[in-house]
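Tertiary structure, described
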Amino acid sequence: MTTLLIRNAAVLVTMDDQRREIPGGGLYIRDGFIEKVGMAQELPSEADTVLDLHEQVVLPGLINTHHHFYQTLTRAVPAAQNANLFNWLKTLYPIWARMNPEDIFTSTQTALAELALSGCTTASDHLYLFPNGSKLDDEIAGAREVGLRLQASRGSMSLGESQGGLPPDSVVDSEDAILEDSVRLIERYHDAAPGAVVQIVLAPCSPFSVTGELMKQSARLARQYGVHLHTHLAETQDEEAFCQEKFGYRPVAYMQSVDWTGPDVWFAHSVHVSQPEVELYAHTGCGVAHCPSSNMRLASGIAPVLEYMRAGVKLGLGVDGSASNDGSHLLAEARQAMLLARLRAGQEGASLSAGDAPPLLTARQALELATRGGAAVLGRADIGSLEVGKCADFIAFDLNRLGYAGALSDPVAALLFCAPQEVDLNVVGGRVIVQGGRLLTVDLPRLVARHNRAAQRLLENG
Ligand SMILES: [Zn+2]
């Protein structure tokens, strides 16, 4: 048994049901789970490790609900800088088709290192290309070394260009092979217990890259094993037109037709949805991974965040793949969500009379999406808040720094309103991953050098 005591935080943000913020608060942790939450006098006075966090804001680790780690290899590629989604994909598919297993391993570590330093403790990733012998196992191996929790989504593409899909035939797989590999991965890696480090998710890529039959078979398999389902949905107007033409449905109705609604399903983006579709998500329990930077970068549109919140839809944040963001800074994504929701509210409130402010997403609401919201979207009751019995996943920011100078009247809001900073401390299941702002689990200079060599090779072999 090992114990860890955190005490005297400037403020401890619990994100519990009462949304308590405890000045001078702390945590007592045993074997990776929280045993006590409170002021120093309410906690044991000793532990194997004791961290005094005065001058630091402590909050639950942030949760990323949508990413494609491998895309860190193709950030800011000139030919894909100024394209919409479909053209961006067509430019990048052939480059991604050159990746090998080591590239998957390396890019996973790069993305997770960046996520860890930006406050993330649980990351969902969606890998849907397996060129040159690559497997989801390569990603899982890379993630284990970094130390964050991973929701590894077994993505897939089966509808190539010759069948009316978007991706070239060279990057799609047979549906039998996809389903067989899905079973293998679930049986090998999926851990349903509280505190799980790896969970498997089934994730056909999008309506325009798989068949309806693969969607149905994946849903059947996921429910047989009790794993979750994830895909891209209602991201762009092009996708909506594709679904209408090919399937005769809008994207959300198409999902209903292939058994993809329920509390075990979450969709990335969901920008172009009607009010009845928002309500359908709420009634059926579908979650949404909101990816504001990606939606802005690809000019996809502005998701109806306040409408989702009002309807009670489970809503989390995603940095999305690093070729459409191009950073994996989750705190920055929370800030972007706050700002973009305000812009939309302002546009919609244009008819308000002078002096009436439109409803604005607050800093605390944005932090809630990044913590509790993400946990709900991923279907994990063991993370997302600092409460007795939950995983000891938390982060801390030192307030005594340039970026927060003059903002100490509300240090919690300062995390979102000021320029996004990196964490000083990141702890996952009681294990310290980042301390003093330094990532302890991987050698960053060597990783960056390896990553840049791989990225260069992918572009040169065109
Ligand atoms: Zn995506």
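Now for a quick tour of the structure.

Calculation criteria
Residues numbered from 1 in each chain as written. Predicted model: local features only at pLDDT ≥ 70, side-chain atom pairs only at ≥ 80, totals over all residues. Heavy atoms only, no water. Donors = N, O, S within 2.8 Å, 3.2 Å for Na, K, Ca; no water. Tetrahedral: all angles 85-135°; square planar, octahedral: opposite > 155°, others 65-115°. Helix = DSSP H or I, 4+ residues; strand = E, 2+ residues; numbered from the N terminus. Buried < 20%, exposed > 50% of the residue type's maximum accessible area, 1.4 Å probe, protein only. Core = buried A, V, L, I, M, F, W, Y, C linked by side-chain atoms within 4.5 Å. Contact = heavy atoms within 4.5 Å. Polar contact = N/O pair within 3.5 Å; in protein donor to acceptor, adjacent residues only side chain to side chain. Pairing = 2+ DSSP bridges. Axes fitted to C-alpha atoms, helices over the stretch in contact; angles between N-to-C directions.

Side note on the coordination of the zinc ion
For the zinc ion, the full set of protein donor atoms is His66 (NE2), His68 (NE2), His232 (NE2) and Asp320 (OD), and the range of their distances to it is 2.1 to 2.5 Å. Each of the four donor atoms bound to the zinc ion contributes to angles spanning 87 to 172°, and the resulting shape is irregular. Expressed as a motif, the donor residue spacing for the zinc ion is H-x1-H-x163-H-x87-D. Taken together, the positions of histidine 232 in strand E12 (residues 228-233) and aspartate 320 in the loop between strand E15 (314-317) and helix H11 (330-348) put the pair 88 residues apart, joining distant regions of the chain. With a relative accessible area of 3%, aspartate 320 lands in the buried category.

So, the nonpolar core
Grouped together as the largest cluster of nonpolar side chains are 122 residues, with contacts concentrated most on Trp88, Trp96 and Tyr281. No other element matches the eight residues that helix H1 (residues 85-96) contributes to this core. The contacts of tryptophan 88, once residues within four sequence positions are left out, are Gln71, Ala80, Ala83, Trp96, Arg297, Leu298, Ala323 and Ser324. Judged by nonpolar contacts, the second largest core, of 18 residues, contains Ile6, Val58, Leu386 and Val427.

Focus on the environment of arginine 344
Tracing the backbone shows arginine 344 in helix H11. Of the residues examined, arginine 344 reaches a relative accessible area of 18% and is grouped as buried. Once you skip the residues sitting within four places of it in the chain, arginine 344 turns out to touch Ile302, Ala303, Pro304 and Glu307. Among the polar contacts listed, one links the side chain of arginine 344 to the side chain of glutamate 307, at a separation of 3.4 Å.

Let's talk about the sheet that holds strand E4 (residues 25-30)
Ordered in space as E5-E4-E1-E6, the four strands form an open sheet in which the pairing is mixed. Since the sheet does not close on itself, it has two edges, and those belong to strand E5 (33-39) and strand E6 (49-52), each with one partner. For this sheet, the mean angle separating the axes of adjacent strands, direction not counted, is 15°. Bridge count for E4 against E5 is six bridges, and the pairing is antiparallel. By the bridge assignment, glycine 26 is partnered in E5 with glycine 38.

The values are spatial; any link to function lies outside them.
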